[in-house]
Amino acid sequence: MPILRNTDSLRNWRQQQRGSLALVPTMGHLHAGHLALLRLAQARAEQVLVSIYVNPLQFGPGEDFASYPRTLESDLQQLAERGCTTVFVPSDEDLYPRGAAEQTQVVPPERLSNILCGAQRPGHFTGVATIVLKLLHLAQPDILVLGEKDYQQYRIVGQMLDDLNLPVQLLCGPTQRDGDGLARSSRNSRLTSEQRILAPRLATELRQLCQLPVGSLVQAPARDARERLQAAGFAVDYLELRNSESLEPVSEIRPGARWLAAARLGDVRLIDNMVIP
Ligand code: AMP
């Protein structure tokens, strides 16, 4: 499995490739969610490029950039065992040679990026859009594979592809969960054993909210769910029903609308979302 460690080697590799290519961007510490995206990519393209890069541009001051889990050797082993064709592992100096602060950035529309996670993490989606656009220019894939778990990211990147006329097909892989419902996340490994027991309650609340009768008002049940989570020990950043396309607030239960939530246990921030069937 070729491991490309800088942008020059990626460009050289790309020039020699024929056939369709799918890109799966990750920040590493791979889990079943990432590996499901790899399988989806392998089913849809002849070649798969997985990138592993903890992008400093999408972390704010005081966020978990320094403590984000980095397990490159075991990541590479897992990818090789699953037949991944190529991995891109760039360095900060290579991707941001002038430093992150001097980097030209892609600013997604405020309507999508200043809400939900963007309200708590100013600049986060600018960092995400910027790294994804750089990866697309470098790798020139036919297909980009993202996970539904980061739904706001999926919508913002989808709109960027449209708005900037990028000839890339976007695929969304369903959220992979542990047996108790907790959405897989690299950050889960930072939960204490007590927090890990509590963590699936976030998914449980979303699942229950998805079962409310169509047409019922969402304000009271959403408030009750937030209060139950707070009482259990979560600090809830948001728990809201939104339109799956526009991400605008939705006030009554409708099929296709989506519950989205972010909540912290200690300093670990969990996000999750579920669509009303
Ligand atoms: P990350 O490494 O957390 O930046 O995630 C890399 C990609 O994997 C993103 O497209 C995520 O949406 C996706 N992803 C993360 N967790 C999951 C999950 N539990 N199920 C499916 N996809 C996921």
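Above: the structure in question.
Residues numbered from 1 in each chain as written. Predicted model: local features only at pLDDT ≥ 70, side-chain atom pairs only at ≥ 80, totals over all residues. Heavy atoms only, no water.

## Considerations on the site of the ligand
In the neighbourhood of the ligand, 17 residues make up the surrounding shell, with His34, Gly147, Asp150, Gln176 and Arg184 lying closest. Between an oxygen atom of the ligand and a side-chain N or O atom of Asp150, the distance comes to 2.7 Å. Between the ligand and Gln176, the relevant distance is 2.9 Å, taken from a nitrogen atom to a main-chain nitrogen or oxygen of the residue. The fraction of the free accessible surface of the ligand (490 Å²) that becomes covered by protein chains is 93%. Those elements that provide at least two residues to the shell around the ligand are strand S2 (21–26), helix H2 (32–44) and strand S5 (143–147). When residues of the shell around the ligand are assigned to their parent elements, the largest contribution, 3 residues, is made by H2. A breakdown of the residues in the shell around the ligand according to their chemical character gives 6 nonpolar, 8 polar and 3 charged. (Near = heavy atom within 4 Å. Polar contact = N/O pair within 3.5 Å; in protein donor to acceptor, adjacent residues only side chain to side chain. Areas by Shrake-Rupley, 256 points an atom, 1.4 Å probe, with all protein chains shown as cover. Helix = DSSP H or I, 4+ residues; strand = E, 2+ residues; numbered from the N terminus. Nonpolar A, V, L, I, M, F, W, Y, C, P; charged D, E, K, R; others polar.)

## Points about helix H1 (residues 7–16)
Spacing of three or four residues puts side chains on the same side of an α-helix, whose turn is 3.6 residues. If you check which residues of H1 are buried, you get Thr7, Leu10, Trp13 and Arg14. Each buried residue of H1 sits inside an arc of 125 degrees when the element is viewed along its axis, so together they form one side. Exposed and oriented more than 90 degrees from the buried face of H1 are Asp8, Gln15 and Gln16. Considering only its buried residues, H1 is in contact with strand S1 (3–4), S2, strand S3 (47–52), strand S4 (86–88), helix H4 (92–95) and helix H7 (124–139). (Buried < 20%, exposed > 50% of the residue type's maximum accessible area, 1.4 Å probe, protein only. Arc of directions from axis to C-beta. Contact = heavy atoms within 4.5 Å.)

## Describing the sheet that holds S3
Spatially, 6 strands are ordered S1-S4-S3-S2-S5-S6 in an open sheet, and the strand pairing comes out parallel. Looking at the sheet topology across the chains shown, the edges are occupied by S1 and strand S6 (169–173). Here H7 sits on the sheet in contact with S2, S3, S4 and S5, set at roughly 150 degrees to S2. (Pairing = 2+ DSSP bridges. Axes fitted to C-alpha atoms, helices over the stretch in contact; angles between N-to-C directions.)

## Re the pattern of salt bridges
For the coordinates displayed, the defined rule picks out 15 salt bridges. The salt bridge partner of Arg187 is Asp64, with a shortest N-O separation of 2.6 Å. One end of the pair, Arg187, is in the loop between S6 and helix H9 (193–198); the other, Asp64, is in the loop between S3 and helix H3 (72–81), with 123 residues separating them in the sequence. In this pair, the class of Arg187 matches that of Asp64, namely buried. Close ionic contact of Arg196 with Asp178 constitutes a salt bridge, the shortest N to O distance being 3.0 Å. Remark: Asp178 occurs in the loop between S6 and H9 and Arg196 occurs in helix H9; sequence separation between them is 18 residues. For Arg196, a relative accessible area of 22% gives the class partly exposed. (Salt bridge = Lys/Arg side-chain N within 4 Å of Asp/Glu carboxyl O.)

## Points about the packing of aromatic side chains
Applying the stated criterion across every chain yields a total of 4 aromatic pairs. Judged by centre distance (5.3 Å) and plane angle (65 degrees), the rings of Phe59 and Phe65 are edge-to-face. Residue Phe59 is classed as buried on the basis of its relative accessible area, which comes to 10%. When the ring of Phe59 is compared with that of Tyr68, the centres are 5.9 Å apart and the planes differ by 75 degrees; the resulting orientation is edge-to-face. Residue classification places Tyr68 among the buried residues on the basis of a relative accessible area of 7%. Joined through ring pairs, the aromatic side chains of Phe59, Phe65 and Tyr68 make up one cluster. Across the ring face of Phe59, the terminal group of Arg121 is positioned such that the distance to the ring centre comes to 6.0 Å. (Phe/Tyr/Trp six-rings, centres within 6.5 Å; stacked < 30°, edge-to-face > 60°. Lys NZ or Arg CZ within 6 Å of the ring centre and 35° of its normal.)

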